[in-house]
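Results of the structural survey
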Amino acid sequence: MTACRTAILAVLLVLVLPGLGHGQADRAYQERDFLTRVRRLTIDGKRAGEGYWSPNGKRLVFQSEREPGNPFYQIYVLDLGSGETRRISPGTGKTTCAFFRPGSDEIEFASTHADPRSKQLQDDELAFRASGKERRYSWDYDPEMDIYAYTEKTGAMKRLTTARGYDAEGSYSPDGRWITFSSMRGAYDHTLTDKEKKSLEENPSNFAEIYVMRADGSEQTRLTNVFGYDGGPFFTPDGKKIIWRRFDEQGLIADIWTMNPDGSDQRQLTTFGSMSWAPYMHPSGAYFIFASNKLGFENFELFIADADGAKEPVRVTYTNGFDGLPVPSPDGKMLAWTSSRAGGSAGQLFLAQWNHEGALEALKNAPPRKAAKKS
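Summary of the structure given here. (Residues numbered from 1 in each chain as written. Predicted model: local features only at pLDDT ≥ 70, side-chain atom pairs only at ≥ 80, totals over all residues. Heavy atoms only, no water.)

Counting its secondary structure elements, the protein contains 3 helices and 24 strands. The principal-axis extent of the C-alpha atoms belonging to the protein is close to 60 × 50 × 45 Å. Within the protein, buried positions represent 54% of all 375 residues. The contacts in the protein between residues at least 6 apart in sequence include a share of 50% that link residues at least 24 apart. Accessible area for the protein stands at about 16200 Å²; split by element, carbon and sulfur atoms hold 51% of it. The averaged location of the 49 negative side-chain charges in the protein is 3 Å from the averaged location of its 47 positive side-chain charges. (Helix = DSSP H or I, 4+ residues; strand = E, 2+ residues; numbered from the N terminus. Buried < 20%, exposed > 50% of the residue type's maximum accessible area, 1.4 Å probe, protein only. Contact = heavy atoms within 4.5 Å. Areas by Shrake-Rupley, 256 points an atom, 1.4 Å probe, with all protein chains shown as cover. Lys, Arg positive; Asp, Glu negative; His and termini not counted. Charge placed at Lys NZ, Arg CZ, Asp CG, Glu CD.)

See below:
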């Protein structure tokens, strides 16, 4: 998964917060305690998701499978005032993970359009779908994926990464000077051991590590060095930390971590015993919102947890379907996220009013975080 997309199954509403210990007062929440005026933003295409706000909160940049002749994601910008949507990616190849650059008219995203095989891969995928065959949806970590910066005023596009290996999941620092991203270039820059060769065949995401680079693509620096998928990084609102998720080698358990922008002071914030990912810090800096399948392997719901990771996470969503990739608006009053709650397995973008005060109160009442189980 990139910061990413799977789905599906639902679970009945639960009446108590998960993770409450014995002797602590149970507190029942409902989705409307946190989210109101829920509405669907995208309709076109097979699926859409990963919507990220412009700094002024008036637009979203997102990915969607809707381009005729291309079964893969392309990047679009949605004007929330007019409802106008326009594509900014080339239209060929695969794309993912776009983000507005603060103080600029640039938007970064990852794309494979420079791969000479792009059109053939599109045709092959279309032929497979036309055959009536089906496969479980998965992310392929295309090694030709690289990060580009698109200039809205001119339409010019600059390639920022060139190393072989999946480079994606990028996001800018609040001052627009840096990009943090995930890269699997470590699978291609040295002679692999037998263990690494096997992993590259079975689970290439184990090679993913967090990097930073300047917004022009220079000074690319690796920050993490742990076998297992490190990805989905974002700067915190004050720019002093990077928050991301780290998977174990089996790809079944993931937790939320933070570190300094130079890679120091790496700290684990969740011990949720599940696949927890897509963390995004609220503009207040008091807590982050993330997705987890704590309640069932294919049942992803949204949760919140305090910025220090001292409390057990609090459940936010209670509606059937996949809920993930949450992103609060710059003023902290709205939440955009990807959900399949409208039916089917494919996600679309949703928007709701966010109850910040309610979130603070819920976290205040949450029990202390459980210690990690010893292996």
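Additional details are given in the paragraphs that follow.
Our focus in this paragraph is the sheet that holds strand β24 (residues 348–354). Read across the sheet, 4 strands follow the order β1-β24-β23-β22 without closing on themselves; strand pairing throughout is antiparallel. The open sheet is flanked by β1 (35–40) and β22 (323–328), the only strands paired with a single partner. On average, each strand axis in the sheet is inclined to that of its neighbour by 25 degrees, with strand direction left out of account. Bridge analysis of β22 against strand β23 (residues 334–339) gives 4 bridges, and the strand direction is antiparallel. Of the residues in β23, the one forming a bridge with proline 328 is leucine 335. (Pairing = 2+ DSSP bridges. Axes fitted to C-alpha atoms, helices over the stretch in contact; angles between N-to-C directions.)

Relative to the helices and strands, threonine 151 is located in strand β8 (residues 146–151). Its relative accessible area of 17% is what places threonine 151 among the buried residues. Apart from residues no more than four positions distant in its own chain, threonine 151 is found in contact with Asp105, Glu106 and Ala156.

On to the sheet that holds strand β18 (residues 276–281), then. To summarise the sheet geometry, strands pair through backbone hydrogen bonds and adopt either a parallel or an antiparallel arrangement. In spatial order, the strands read β18-β19-β20-β21; together these 4 strands make up an open sheet with antiparallel pairing. Sheet topology places β18 and β21 (314–315) at the edges, where each strand pairs with a single neighbour. Inspection of the sheet shows β18 paired to strand β19 (residues 287–292) by 4 bridges, in the antiparallel sense. Residue methionine 281 lies in a different strand from β19, and its bridge partner there is phenylalanine 288.

This brings us to empty space enclosed by the protein. This structure, assessed with the given rule, holds 1 cavity of 30 Å³ or more. By volume, the largest cavity is sized at about 50 Å³. Lining the largest cavity we find 11 residues, and of these Glu50, Tyr52, Glu169, Gly170 and Phe234 sit closest to its centre. Elements that contribute at least two residues to the lining of the largest cavity include exactly β2 (47–53), β6 (95–100), β10 (167–172) and β14 (230–235). Tallied by class, the residues present in the lining of the largest cavity amount to 7 nonpolar, 2 polar and 2 charged. (1 Å grid on protein atoms, 1.4 Å probe; cavity = no way out; pocket = protein on both sides within 12 Å on 5 of 7 lines; lining within 4 Å. Points joined across faces, edges and corners; volume = space filled by probe spheres on them. Nonpolar A, V, L, I, M, F, W, Y, C, P; charged D, E, K, R; others polar.)

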